[in-house]
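Single-letter residue listing:
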Amino acid sequence: MDTVRLGYVGCGFVAQSIHIPNLSALPNAKLAAIAEVRPKLRGMVAEKYAIPKQYDSHLHLCEDKDIDAVGVSAPYETQAEIAADLLRAGKHVFMEKPMAVSVAQGEKMLAAAKQGGARLMVAYMKRYDAGNELVKKAMDEFRASGELGPVTYIRAHGFCGQQWTAGNSQPIFSTDEKPPAGPGGNNLPDWLPKQHANGYLNYLQQYTHNLNLMRWLMDAKDVNVRSVDFDPSNGYHGIAVLEIGGVRAVIESGAMSHFGWDEHTTVYFRDGWIRTEAPPLLLKNVPASVEIYKAGKSQQITTAMPGDPNERWSWSYQREAAHFVESVRNGTPFRSSGEDTLHDVRFFETVYRTFLGLK
Ligand SMILES: NC(=O)c1ccc[n+]([C@@H]2O[C@H](COP(=O)([O-])OP(=O)(O)OC[C@H]3O[C@@H](n4cnc5c(N)ncnc54)[C@H](O)[C@@H]3O)[C@@H](O)[C@H]2O)c1
């Protein structure tokens, strides 16, 4: 495939601030159609990015024979349903996280992909961050060589902050059109009490990034949940103690007002650590900052940076979009496939069941 013919569903904040500009700028792709239920918004976005075809429903994109692959960003529960329809119709899908709001919904999506002979990539931009790629490389090398001894502990911390947009806090266009009603919680886990739905969704949509990053660094799929202690008033602030690849790990979840973005992950070895600190997410062309500590006779702390200027000054979201298009063009595997992501969805059900004492 020389050029991937792309469609996109949803013209909200993430679509306008991240994915539509990024996908439009790729050399081997052509953004040829969009679907958005709000007509004024759809028209404005189509005009700005010179997108020739406009649809009021993603189902028309499903029928469009000239489209190979589709990006999707919409409300959590809705985007999973949209992705399933597209996959069933044979379109490769690049979708925002969370992949699904329950394991049952995620399994339905993978079955749809099988039926349509299409593939799903979930937009976990942290796996495409040039700084995190250095972390992964160092992890692989240290684990193979044993230079720092075994991995002993992993700490993921995310109190976030209000400045994740790095000043880019408005979509380019907004209208007074009402967004549509979604499936209304029908796809949430059937064991989840209604009053805990918000806490569950807030936790899932945020910390799915942190779990997904830890699993990738450790080459691990399944995660054991050992204990969960959240503030019962919000079902969100607190700590989850896990076991990933046989190693104790924690996710510290919370919220605070912060001038930047408070999120970092440290992998501890017996004789050192690797630490990665996320930039405010919409700060373009700044990868995660990486620190490597080696203990031993000569103590050493180094800051690792990508050497290639194109990677040193790069944006994780742009790189994930490029990865999607190149993987579709070449038929190569996605680094963050739907099959892999289902492990994250399963984990979040277990965390919440544990928090609610339902395990
Ligand atoms: N990766 C990240 O860093 C990151 C950051 C923020 C949000 N997100 C994810 O992005 C997704 C979207 O967030 P957003 O802030 O852009 O939301 P948004 O509400 O601004 O936009 C959603 C758009 O989808 C449209 N829409 C809804 N149902 C539709 C349908 N059936 N067909 C077509 N269009 C439909 C709405 O009209 C709206 O324009 C969320 O799932 C969220 O988890 C990811």
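Residues numbered from 1 in each chain as written. Predicted model: local features only at pLDDT ≥ 70, side-chain atom pairs only at ≥ 80, totals over all residues.

Q: Which residues make up the overall build of the protein, and what values go with them?
A: Within the protein, the secondary structure is distributed over 10 helices and 14 strands. Relative to a compact globule of 359 residues, whose C-alpha radius of gyration would be 21 Å, the protein shows 20 Å and is just as compact. Expressed as lengths along the three principal axes of its C-alpha atoms, the size of the protein is roughly 65 × 50 × 40 Å. Within the protein, buried positions represent 45% of all 359 residues. Pairs at least 24 residues apart make up 71% of the contacts formed inside the protein by residues separated by at least 6 positions. (Helix = DSSP H or I, 4+ residues; strand = E, 2+ residues; numbered from the N terminus. Rg over C-alpha atoms; globule rule 2.2 N^0.38 Å. Buried ≥ 20, exposed ≤ 12 C-beta atoms within 10 Å, placed from the backbone. Contact = placed C-beta atoms within 7 Å.)

Q: Could you give an account of the sheet that holds strand 8 (residues 223-230), with specific residues and numbers?
A: Within a beta sheet, neighbouring strands are joined by backbone hydrogen bonds and run either parallel or antiparallel to one another. In space, the 8 strands of this open sheet follow the order 8-9-10-7-11-12-13-14, with mixed pairing throughout. The open sheet is flanked by strand 8 and strand 14 (300-304), the only strands paired with a single partner. The mean inter-strand angle of the sheet, taken between neighbouring strand axes irrespective of direction, is 15°. As paired elements, strand 13 (residues 289-294) and strand 14 share 5 bridges and run antiparallel to each other. (Pairing = 2+ DSSP bridges. Axes fitted to C-alpha atoms, helices over the stretch in contact; angles between N-to-C directions.)

Q: Quick one: what's the story with the site of the ligand, residue by residue and with numbers?
A: Taken together, the neighbourhood of the ligand is formed by 28 residues, with Gly10, Gly12, Phe13, Val14 and Glu96 sitting nearest. Breaking the shell around the ligand down by element, the ones donating at least two residues are helix 1 (13-24) and helix 4 (76-88). A per-element tally of the shell around the ligand places helix 4 first, with 4 residues. Here the residues of the shell around the ligand sort into 17 nonpolar, 7 polar and 4 charged. (Near = placed C-beta within 6 Å. Nonpolar A, V, L, I, M, F, W, Y, C, P; charged D, E, K, R; others polar.)

Q: Please provide a residue-by-residue account of the sheet that holds strand 2 (residues 29-35), values included.
A: Here 6 strands make up an open sheet; going across it, the order is 3-2-1-4-5-6 and the pairing parallel. Looking at strand neighbours, the two that pair on one side only are strand 3 (53-55) and strand 6 (120-122), the edges of this open sheet. Here the strands of the sheet are splayed against their neighbours by 25° on average, with no regard to which way each runs. Pairing geometry for strand 4 (residues 69-72) and strand 5 (residues 92-95), over 4 bridges, is parallel.

Q: Before we move on, can you summarise the nonpolar core with the specific residues and values?
A: In terms of nonpolar packing, the biggest core is built from 99 residues, with Val70, Ala83, Leu87, Val93 and Met109 touching the most fellow members. Here this core takes 9 residues from helix 7 (residues 197-218), the largest share from any one element. Among the domains, domain 1 (4-124 + 320-337) and domain 2 (126-185 + 192-316 + 342-355) are the pair contributing at least three residues each to this core. Setting aside its immediate chain neighbours within four residues, Val93 contacts Val70, Val72, Ala83, Leu86, Leu87, Ala118 and Leu120. (Core = buried A, V, L, I, M, F, W, Y, C linked by C-beta atoms within 7 Å. Domains from an automatic or database assignment.)

Q: Which residues make up unusual backbone geometry, and what values do they have?
A: Here the residue pair Lys97 and Pro98 is connected by a cis peptide bond, since its omega of -10° sits within 30 degrees of zero. Considering the arrangement of structural elements, one finds Pro98 in the loop between strand 5 and helix 5 (103-116). Unlike most non-glycine residues, Ala50 shows phi in positive territory, near 50°. Tracing the sequence through the fold places Ala50 in the loop between helix 2 (39-48) and strand 3. Unusually for a residue other than glycine, Asn285 sits at a positive phi of about 65°. Tracing the sequence through the fold places Asn285 in the loop between strand 12 (272-277) and strand 13. On the neighbour-count criterion, Asn285 (13 C-beta atoms within 10 Å) is partly exposed.

Q: Can you explain the domain arrangement of the protein? Please cite residues and give values.
A: Here the protein is described as being made up of domain 1 (4-124 + 320-337) and domain 2 (126-185 + 192-316 + 342-355). The gap between the C-alpha centroids of domain 1 and domain 2 is 24 Å. Contacts between the two partners involve 29 residues from domain 1, matched on the other side by 26 residues from domain 2. Within the residue set of the side of domain 1 that touches domain 2, elements represented by two or more residues are helix 1, helix 2, helix 4, helix 5 and helix 9 (316-330). Across the side of domain 1 that touches domain 2, the residue classes break down as 14 nonpolar, 8 polar and 7 charged.

Q: How would you explain the confidence of the model for the protein if you had to name every residue and give the values?
A: Looking at the protein as a whole, the pLDDT averages 96, with 100% of positions reaching at least 70. Helix 8 (residues 309-312) is the least confidently modelled element of the protein, averaging 95 in pLDDT, while strand 6 averages 99, the highest of any element. (pLDDT = per-residue confidence, 0-100.)

Q: Break down helix 9 for me, with residues and values.
A: Over its 15 residues, helix 9 extends 21 Å from the first C-alpha to the last, a length consistent with the 21 Å expected when each residue adds 1.5 Å. The complete set of buried residues in helix 9 reads Ser316, Tyr317, Gln318, Arg319, Glu320, Ala321, His323, Phe324, Val325, Ser327 and Val328. With its phi angle positive at about 70°, Gly331 sits one or two positions after the end of helix 9. (Expected span 1.5 Å × (residues − 1).)

Q: Account for the packing of helix 4 against helix 5, naming residues and giving values.
A: It is the contact of helix 4 with helix 5, at a shortest axis distance of 7 Å, that shows an interaxial angle of 20°. By the angle between their axes, helix 4 is roughly parallel relative to helix 5. Crossing angle aside, the handedness with which helix 4 passes helix 5 is left-handed. Residues Ala80, Ala83, Ala84, Leu87 and Arg88 of helix 4 form the contact with helix 5, whose participating residues are Gln105, Lys108, Met109, Ala112, Ala113, Gln115 and Gly116. Looking at the contact of helix 4 with helix 5 residue by residue, the classes come out as 7 nonpolar, 3 polar and 2 charged. (Parallel < 35°, antiparallel > 145°, perpendicular 65-115°, else oblique. Left-handed = near helix turned anticlockwise from the far one by under 90°.)

Q: Got a sec to walk through the environment of Glu243? Specific residues and values, please.
A: Looking at the secondary structure, you find Glu243 in strand 9 (residues 238-244). Here the alpha-carbon distance between Glu243 and Leu86, two residues 157 residues apart in the chain, equals 35 Å. If we skip the residues at most four places from it in the chain, Glu243 touches Val223, Asn224, Arg226, Arg248 and Ala249.

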